[in-house]
Amino acid sequence: TIRPVRRSYYDPSSAPGKGVVWEWENDSGTWTPYDMDVGITIQRAYEKQHPWVDLSAIGFCYVIDFATMGQINRQTQRKRRVRRRLDMVYPLVSGTLPKSQFSAGASGSPPGVGSGKGSRPSLGTLNRSHLQRLAIAQSRVLIASGVPTVPVKNLTGSSPVNPALAGITGILMSAAGLPVCLTRPPKLVLHPPPVSKSEIQSIPGISHSCRKTTKKQAKKGKTPEEVLKKYLQKVRHPPDEDCTICMERLSAPSGYKGPQPAVKPDLVGKLVKCSHVFHLHCLVAMYNNGNKDGSLQCPTCKTIYGVKTGTQPPGKMEYHIIPHALPGHADCKTIRIIYNIPPGVQGPEHPNPGKSFTARGFPRHCYLPDSEKGRKVLKLLLVAWDRRLIFAIGTSSTTGESDTVIWNEIHHKTEFGSNLTGHGYPDINYLDNVLAELAAQGITEESLAQEKD
């Protein structure tokens, strides 16, 4: 297979020319470099002493905050650490491109391979064991010299193909002067070692070890206008700006064209917490198109008014402590959460009422460290479960299947002893990130007091 390659040249005054590389911290705690164009954009803002840079102009929904050296997702508000490295100077080159080192022979082989006295043996004459020995010997030399390792799957597997390709790759890359180190890939560890019933413990400070949820109906007896009245102040003199729902001027009637609510289209209201202003007509229409649970979420800043609930189908949530530690949390045991939702029929609050829905991958096992912050997260997840916010019915982003149970914007760790999928440990930012995601759903420590009341 022949693939095109290219060389990129950067000005010595640019970030790569100066040896500056910007990196972000991934879920496994290691660092990943930004694409070169992104790094150049970040470095340009950094050199101009800007407090932050918005990457949306180049197609990414992130803001880089130089004061905290953090990357902030504009949609989810999730934060990651970033860093600036100064040890990656690109080589200065001049002159014409080097000529090809290989002749364009009929076989496409490099000169000297398989022909002539003292030449290297042809790769075709090497069997599987020879290729493996060459690759492993090369790897040991590179490991001893401190070269980073690159995992290659199935190096010693039963298939004769992958090991052979791994060996050929190592030989060809080393012949070109490139560092290569073949290793066996790390093992995926989804579940902890077997745990007996006698080893399972209840969680101190949390009653019971199982929580069921059924379909909760929204409170009846109040019209949408009565619900919104609690959260709004009427505005007699609308500001000279657009309503962000219908995009018409607030001084003009609402542009909403759907089913008409029993509200005059020219009335304007201001939300009491965040002070954003909208047509009352538009807010009532938005409420009618939602869950109608007595809550309202500002479409501009996402501030929640009332208690937000979701459309999670009925199921069961179990939680307990197991006597094993998560990677990165060796000083404590582990909280295991088991979610189980059966397939069923969609209700009136779901995308396709009356149609059946699937529930793939249940029971789903999730893990938290049994630390003070881990128990806090669990308590808030219990509130989210009771409010039907953990799962929803929609289209799976991984399989594309529609009318199936999916996660609902609150990330869980489903990988116990590794982090190959990005859904495991160690992840030093996970607990803070999930607390931020819960807060975005209106679930904070104040919610715990509300649940007790």
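Residues numbered from 1 in each chain as written. Predicted model: local features only at pLDDT ≥ 70, side-chain atom pairs only at ≥ 80, totals over all residues. Heavy atoms only, no water.

A. Broad picture of the sheet that holds strand β4 (residues 62–65). Strand order across the open sheet formed by 6 strands is β2-β1-β6-β5-β4-β3, with antiparallel pairing between neighbours. A strand with exactly one partner marks an edge of an open sheet, and here the two such strands are β2 (31–33) and β3 (52–54). Averaged over all pairs of adjacent strands, the angle between their axes in this sheet comes to 30°, without regard to strand direction. Pairing between strand β5 (residues 70–73) and strand β6 (residues 79–85): 3 bridges, direction antiparallel. If you follow Q71 over to β6, its bridge partner there is R80. (Pairing = 2+ DSSP bridges. Helix = DSSP H or I, 4+ residues; strand = E, 2+ residues; numbered from the N terminus. Axes fitted to C-alpha atoms, helices over the stretch in contact; angles between N-to-C directions.)

B. Quick peek at the sheet that holds strand β19 (residues 364–369). Pairing in this open sheet of 4 strands is antiparallel, and the strands run β9-β15-β16-β19 from one edge to the other. Each edge of the open sheet carries a strand with a single partner, namely β9 (210–213) and β19. Across this sheet, the average inter-strand angle for adjacent strands is 20°, counted without regard to direction. Packing of helix α7 (residues 372–386) onto the sheet brings it into contact with β9, β15 (315–322), β16 (334–340) and β19, and relative to β15 it is tilted by some 170°. (Contact = heavy atoms within 4.5 Å.)

C. Layout of unusual backbone geometry. For the peptide bond that leads from F362 to P363, omega is 0°, which places it in the cis range. Here P363 is to be found in the loop between β18 (356–357) and β19. Here Y425 and P426 are connected by a cis peptide whose omega angle stands at 5°. As for its position among the elements, P426 is in the loop between β21 (404–407) and α8 (430–440). The phi angle at E409 is positive, at roughly 65°, despite the residue not being glycine. Relative to the elements of secondary structure, E409 occurs in the loop between β21 and α8.

D. Spatial organisation of the pattern of salt bridges. Scanning all chains against the criterion turns up 17 salt bridges. Of the charged contacts in the structure, one is a salt bridge between R81 and E25, with a shortest N-O distance of 2.9 Å. Note that R81 is positioned in strand β6 and E25 in strand β1 (residues 21–25), a separation of 56 residues in sequence. A relative accessible area of 41% means that R81 is categorised as partly exposed. With a relative accessible area of 3%, E25 lands in the buried category. The closest approach of N and O atoms between K413 and D427, which form a salt bridge, is 2.9 Å. (Salt bridge = Lys/Arg side-chain N within 4 Å of Asp/Glu carboxyl O. Buried < 20%, exposed > 50% of the residue type's maximum accessible area, 1.4 Å probe, protein only.)

E. Layout of the confidence of the model for the chain. Confidence in the prediction for the chain averages 80 pLDDT; 75% of positions are at 70 or higher. Taken element by element, the predicted model of the chain shows its lowest mean pLDDT in strand β7 (residues 150–151) (48) and its highest in β16 (97). The model gives residues 94–121 a pLDDT under 50, and that stretch makes 17 contacts with residues more than four places away or in other chains. Across residues 147–161, where pLDDT falls below 50, the model places 33 contacts with residues more than four positions away in sequence or in other chains. (pLDDT = per-residue confidence, 0-100.)

F. Up close: the environment of K376. You can see K376 is positioned in helix α7. Among the residues examined, K376 registers a relative accessible area of 30% and is labelled partly exposed. Between the C-alpha atom of K376 and that of E445, which follows or precedes it by 69 residues, the distance is 8.5 Å. Residues within four places of K376 in sequence aside, it is in contact with L435 and E445.

G. Layout of the pairing of strand β11 (residues 268–271). Here strand β10 (residues 232–234) runs beside β11; their pairing, made up of 3 bridges, is antiparallel. Of the residues in β11, the one forming a bridge with L232 is L271. Sheet analysis places β11 next to strand β12 (residues 277–279), joined by 3 bridges and oriented antiparallel. The residue bridging K270 from the neighbouring strand is V277, located in β12. Between β11 and β12, which pair antiparallel in sequence order, lie 5 residues; one of them, S275, sits at a positive phi of approximately 70°.

H. Structural view of the environment of C282. Its location among the elements puts C282 in helix α6 (residues 280–288). The contacts of C282, once residues within four sequence positions are left out, are C243, I245, C246, S254 and Y256.

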